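The primary structure of each chain is shown beneath.
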2 protein chains.
Amino acid sequence: MAESVRVVVDAMGGDNAPVEPVKGAVEAVTKRQDIQVILTGQQDIIEKELEKYPNYPKERIQVVHTSEVIETAEPPVVAIRKKKDSSIVVGLNMVKRQEADAFVSSGSTGAVLVGGQVLVGRSKGVQRPPLAPLIPTTEGVSLLIDCGANVDARPSHLVQFAKMGSIYMEHVVGIKKPRVAIVNNGAEEEKGNALVKETFPLLKACGDINFIGSIEARDIPMGYADVIVCEAFVGNVILKLYEGVGAAMMKKIKAGMMTDFRSKMGALLVKPALKATLKTFDASEHGGAPLLGLKGLVVKTHGSAKAGEVRNAIFQCVQFKQQKINEKIAERIHEAPADAE
Amino acid sequence: MAESVRVVVDAMGGDNAPVEPVKGAVEAVTKRQDIQVILTGQQDIIEKELEKYPNYPKERIQVVHTSEVIETAEPPVVAIRKKKDSSIVVGLNMVKRQEADAFVSSGSTGAVLVGGQVLVGRSKGVQRPPLAPLIPTTEGVSLLIDCGANVDARPSHLVQFAKMGSIYMEHVVGIKKPRVAIVNNGAEEEKGNALVKETFPLLKACGDINFIGSIEARDIPMGYADVIVCEAFVGNVILKLYEGVGAAMMKKIKAGMMTDFRSKMGALLVKPALKATLKTFDASEHGGAPLLGLKGLVVKTHGSAKAGEVRNAIFQCVQFKQQKINEKIAERIHEAPADAE
């Protein structure tokens with residue numbers, strides 16, 4: 001059997017804490033033998049939650065008590081510095097000290113991103129750790145890299161994103177020779193803003209990625225590329241507009257189905273099949289977003305994550321560890337390009 | 001009666017030329033008395049199209065023969081310079097010489113944008129003419145400004161976009177005190193890339209717009225703001241992702257409705273009502289995108305525009321002229337901010 005993977009789960013993070021993170025942890029250790037979960041948070045509350053589940057392998061869930069909680073509204077840098085006994089800081093420090101392999105949280109995105117970089121630390125050679133969620137497409141999923149908190153990236157950052165994203169898609173998601181594309185405002189090579197124009201030839205020159213050129217935003221949901229490289233401001237716009245347009249269309253569709261008797265009847269018939277199909281196009285079904293390029297693994301799940309997403313994020317951590325993704329990243333990002341700090 | 005408005009329509013531009021532009025022109029002059037249309041393009045072909053319509057007011061459609069056509073794939077700057085007898089160049093020159101008030105084309109976006117700036121020319125004080133399409137929201141429409149060809153804007157450009165967009169939404173679309181927001185990667189004031197951080201206080205200081213702060217991409221389709229200000233690269237991503245996510249969801253929905261007998265029956269019942277509702281969320285229903293800040297008006301309609309979109313774009317031109325939008329823009333953009341060229 002493969003080596004056991006130790007994952008810290010923030011039991012206090014997100015809208016549905018502690019219920020859903022605890023449930024996700026229980027589901028994960030019940031389903032797979034090679035997982036150890038450490039839950040950080042208010043011990044008495046977590047233990048009360050765990051009592052709901054009589055039949056899980058108790059020796060594989062440990063609780064580490066923490067007295068503080070970082071709220072979503074708190075400024076991340078201050079929160080990380082001050083709340084040393086919070087579920088996030090304690091969890092990240094366990095990864096730093098190699099007492100755990102990975103950390104999963106549905107809590108404050110800012111705190112997780114800042115804490116990941118400050119506490120766990122960047123892997124050697126990595127200039128900027130990108131946040132890389134999987135987004136649904138009509139063909140499956142693509143990796144959108146970077147959606148993190150640090151905007152205004154440099155070309156050398158984007159090149160590293162392309163390499164790290166390729167490794168992740170190949171070895172965690174299982175896509176052979178993943179197609180890498182850079183987000184652009186046109187398909188022609190002369191298109192682009194200053195950043196894209198400067199990055200394009202660098203990506204083209206990379207022998208170790210399968211670079212297919214520019215991708216227009218219109219083609220992202222069609223799955224034309226597996227690794228979608230962009231600067232974090234643009235990545236944030238893409239990720240959030242995905243959610244926004246999806247939600248707006250669902251609202252319109254629901255209203256459209258309720259306009260008259262005929263369509264109401266139709267809606268009743270069509271609902272179950274439609275629900276199942278649309279679920280495959282729901283970003284939250286695909287587990288969390290990894291913060292790549294750190295000395296350990298940090299995964300951010302949605303603030304609204306349910307147990308299924310937490311469980312999938314834990315499984316992602318196992319795959320990540322067993323496939324030695326960090327070692328592969330360290331091998332490929334051996335030298336920093338010319339414009340590095 | 002209000003003064004008659006003279007609109008040049010490019011009869012050779014777009015996937016459905018000359019059929020749909022000609023039909024749109026006929027519909028426009030038939031529906032409103034105060035419109036004169038000039039069709040530019042191959043005279044014999046246009047006249048053959050016009051013969052299909054026996055009952056329109058013939059004295060209000062004029063054909064100006066042009067021997068050349070600019071193809072979508074041609075480099076815009078070269079095409080504008082070389083094809084002096086093309087339907088686009090001839091049409092834009094008529095606006096320049098004030099023989100027409102506006103120009104509508106479904107042809108090459110690049111050629112229309114470049115030609116608008118080079119041939120018609122910028123209005124005094126305007127640093128960069130933005131392309132500003134109306135995008136559908138669950139509440140109606142919002143103006144997305146800028147989606148043009150010139151990326152990497154400066155803060156002073158965005159401030160002008162905010163002002164021009166406000167004037168357009170108030171006087172052409174009829175929204176009183178339109179809410180202006182800047183696209184950002186978070187709602188908090190300290191969020192943003194360098195451009196947004198620098199632009200935010202400038203917008204806040206504008207006494208003549210109703211600035212409501214940052215908007216996250218997620219909230220754009222919900223109609224949280226009327227004028228969505230952003231740099232053209234980001235605007236392009238938003239506009240195209242709108243289309244892309246919409247198309248991908250429709251594909252998923254259609255597949256979902258065809259999974260079994262029960263849902264197929266439901267689909268038949270629900271289809272007409274659903275189609276009508278989704279039409280209100282279709283970008284192409286809202287006429288063309290104006291290129292603002294020029295000495296005349298230039299409107300770009302979709303490459304796939306049908307007669308209805310061309311007709312609506314012509315009506316937009318009438319509203320634009322009669323509401324004296326260019327005069328209002330000239331009044332408000334009287335002085336260039338500090339960082340101007």
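Residues numbered from 1 in each chain as written. Chains lettered and ligands numbered in written order. Predicted model: local features only at pLDDT ≥ 70, side-chain atom pairs only at ≥ 80, totals over all residues. Heavy atoms only, no water.

## So, the relation of the copies chain A and chain B
Superposition of the two copies of the chain requires a rotation about an axis together with a shift along that axis. How we decide: Least squares is the method for superposing the copies, and the C-alpha atoms it fits come from residues with pLDDT of at least 70 in both. We call two residues in contact whenever any of their non-hydrogen atoms come within 4.5 Å of each other.
Taken as rigid bodies, chain A and chain B are interconverted by a rotation of 180° and an axial shift of 0.0 Å, the fit giving an RMSD of 0.0 Å. With respect to symmetry, the two chain copies, as superposed, fit the operation of a two-fold axis. Closest approach to the rotation axis among the C-alpha atoms of chain A is made by Gly266 of chain A, whose C-alpha sits 1.9 Å away. Both copies contact each other with a shared surface, as 100% of the interface residues of chain A are interface residues in chain B too.

## Let's talk about the pairing of strand 11 (residues 297–300) of chain A
Residue and element names in this part refer to chain A. Put simply, the test is: For the exposure calls, accessible area comes from a 1.4 Å probe over protein chains only, and a residue counts as buried if that area is under 20% of its type's maximum, exposed if over 50%, partly exposed in between. Numbering of helices and strands runs from the N terminus; a helix is a DSSP stretch of H or I covering at least four residues, while a strand is a stretch of E covering at least two. When DSSP finds two or more bridges between a pair of strands, those strands are recorded as paired.
Residues of strand 11 alternate between two faces, with Leu297 and Val299 on one and Val298 and Lys300 on the opposite face, all of them buried. Taken together, the four bridges between strand 4 (residues 102–105) and strand 11 define a ladder with parallel strand orientation. Among the inter-strand pairings, Ala102 is bridged to a residue of strand 11, identified as Leu297. As paired strands, strand 10 (residues 289–291) and strand 11 are joined by three bridges and run antiparallel to one another. Bridged to Leu291 within strand 11 is Val298.

## With respect to the sheet that holds strand 9 (residues 227–229) of chain A
All names here are of chain A. What counts here: Angles here are taken between N-to-C directions and fall from 0 to 180 degrees, while the axes themselves are lines fitted to C-alpha atoms, restricted in helices to the stretch in contact.
Pairing is mixed across the open sheet formed by five strands, whose spatial order is 5-6-9-7-8. Strands at the two margins of the open sheet, each flanked by one partner only, are strand 5 (134–136) and strand 8 (210–215). Each strand axis lies, on average, 30° off the axis of its neighbour in the sheet, ignoring direction. As paired elements, strand 7 (residues 179–183) and strand 8 share five bridges and run parallel to each other. Pairing of Val180 across the sheet is with Phe211, part of strand 8. Against the sheet, helix 6 (residues 155–173) contacts strand 5, strand 6 (141–145), strand 7 and strand 9, and its axis sits at roughly 150° relative to strand 6.

## Thoughts on the sheet that holds strand 5 (residues 134–136) of chain B
Residues and elements named next belong to chain B. Strands sit in the order 5-6-9-7-8 across an open sheet of five strands; the sheet is mixed. Across the chains shown, the open sheet's two edge strands, defined by having one partner strand only, are strand 5 and strand 8 (210–215). Here the strands of the sheet are splayed against their neighbours by 30° on average, with no regard to which way each runs. Pairing geometry for strand 7 (residues 179–183) and strand 9 (residues 227–229), over three bridges, is parallel. The partner of Ile182 across the bridge, within strand 9, is Val229. Across the face of the sheet, helix 6 (residues 155–173) comes into contact with strand 5, strand 6 (141–145), strand 7 and strand 9 while running at roughly 150° to strand 6.

## Examining the nonpolar core
Threshold: Throughout this description, the term nonpolar core refers to a set of buried Ala, Val, Leu, Ile, Met, Phe, Trp, Tyr and Cys residues connected via side-chain atoms within 4.5 Å.
If you look at the biggest cluster of nonpolar residues, it comprises 184 residues, and the most contacted ones within it are Leu39, Ile220 and Ile238 of chain A together with Leu39, Ile220 and Ile238 of chain B. Leu39 of chain B has contacts with Val9, Ala11, Val22, Ala25, Ile46, Leu50, Ile61, Gln62, Val63 and Val64 of chain B, leaving out every residue within four places of it along the chain.

## Section: a nonpolar patch on the surface
All names here are of chain A. Rules: Residues forming no salt bridge and having over 30% relative accessible area are the ones grouped into patches, like charges within 9 Å of each other and nonpolar side chains (Val, Leu, Ile, Met, Phe, Trp, Tyr) within 5 Å. Exposure was quantified through the Shrake-Rupley algorithm and a 1.4 Å probe, taking into account, for residues, occlusion by the shown protein chains and nothing else. We define a salt bridge as a contact between a side-chain nitrogen of Lys or Arg and a carboxyl oxygen of Asp or Glu at a distance within 4 Å.
Nonpolar side chains collect at one region of the surface, where Phe261, Met265 and Leu268 lie side by side and expose about 330 Å² of accessible area between them. Here Phe261 shows up in helix 9 (residues 261–279). Judged by its relative accessible area of 63%, Phe261 falls in the exposed class.

## Some details on the environment of Cys317 of chain B
Residue and element names in this part refer to chain B. With respect to the element layout, Cys317 can be found in helix 10 (residues 307–322). Cys317 sits in the buried class, given a relative accessible area of 1%. Ignoring sequence-local partners within four residues, the contact set of Cys317 consists of Val5, Val7, Ala102, Val104, Leu297 and Val299.

## Looking at the interface of chain A and chain B
Convention followed: Defined here as a combined quantity, buried area equals the accessible surface (1.4 Å probe) lost by two parts on assembly, summed across both. We define a polar contact as two N or O atoms separated by no more than 3.5 Å, with the added condition that, inside protein, one atom must be a possible hydrogen donor and the other a possible acceptor, whereas residues neighbouring each other in sequence contribute only through side-chain atom pairs. Three classes are used, and their members are as follows: Ala, Val, Leu, Ile, Met, Phe, Trp, Tyr, Cys and Pro are nonpolar, Asp, Glu, Lys and Arg are charged, and the others, Gly among them, are polar.
In this complex, chain A contributes 56 residues to the contact, which on the side of chain B involves 56 residues. Summing both partners gives a buried area of about 5000 Å² for chain A against chain B, and 74% of it is carried by carbon and sulfur. Run the count over chain A and chain B and you get six salt bridges. Linking chain A to chain B there are ten residue pairs in polar contact (both at pLDDT 80 or more). Looking at the side of chain A that touches chain B, the elements that each hand over two or more residues are helix 7 (194–205), helix 8 (232–257) and helix 9 of chain A. Among the elements that make up the side of chain A that touches chain B, the one with the highest residue count is helix 8 of chain A (21 residues). Of the residues belonging to the side of chain A that touches chain B, the class tally is 31 nonpolar, 15 polar and ten charged.

## Here we look at the packing of helix 6 of chain A against helix 10 (residues 307–322) of chain A
Two numbers describe a pair of packed helices, the interaxial angle and the distance between the axes. Residues and elements named next belong to chain A. Note the cut-off: Roughly parallel means an angle under 35 degrees; roughly antiparallel means over 145; roughly perpendicular covers 65 to 115; every other angle is labelled oblique.
Interhelical geometry of helix 6 versus helix 10 gives an angle of 105° and a closest axis separation of 9 Å. As judged from the angle between their axes, helix 6 and helix 10 are roughly perpendicular. Contact with helix 6, carried on its side by Tyr168, His171 and Val172, involves Gln316, Gln319 and Phe320 of helix 10 and no other residues of that element. Tallied by class, residues from the contact of helix 6 with helix 10 come to three nonpolar, three polar and no charged.

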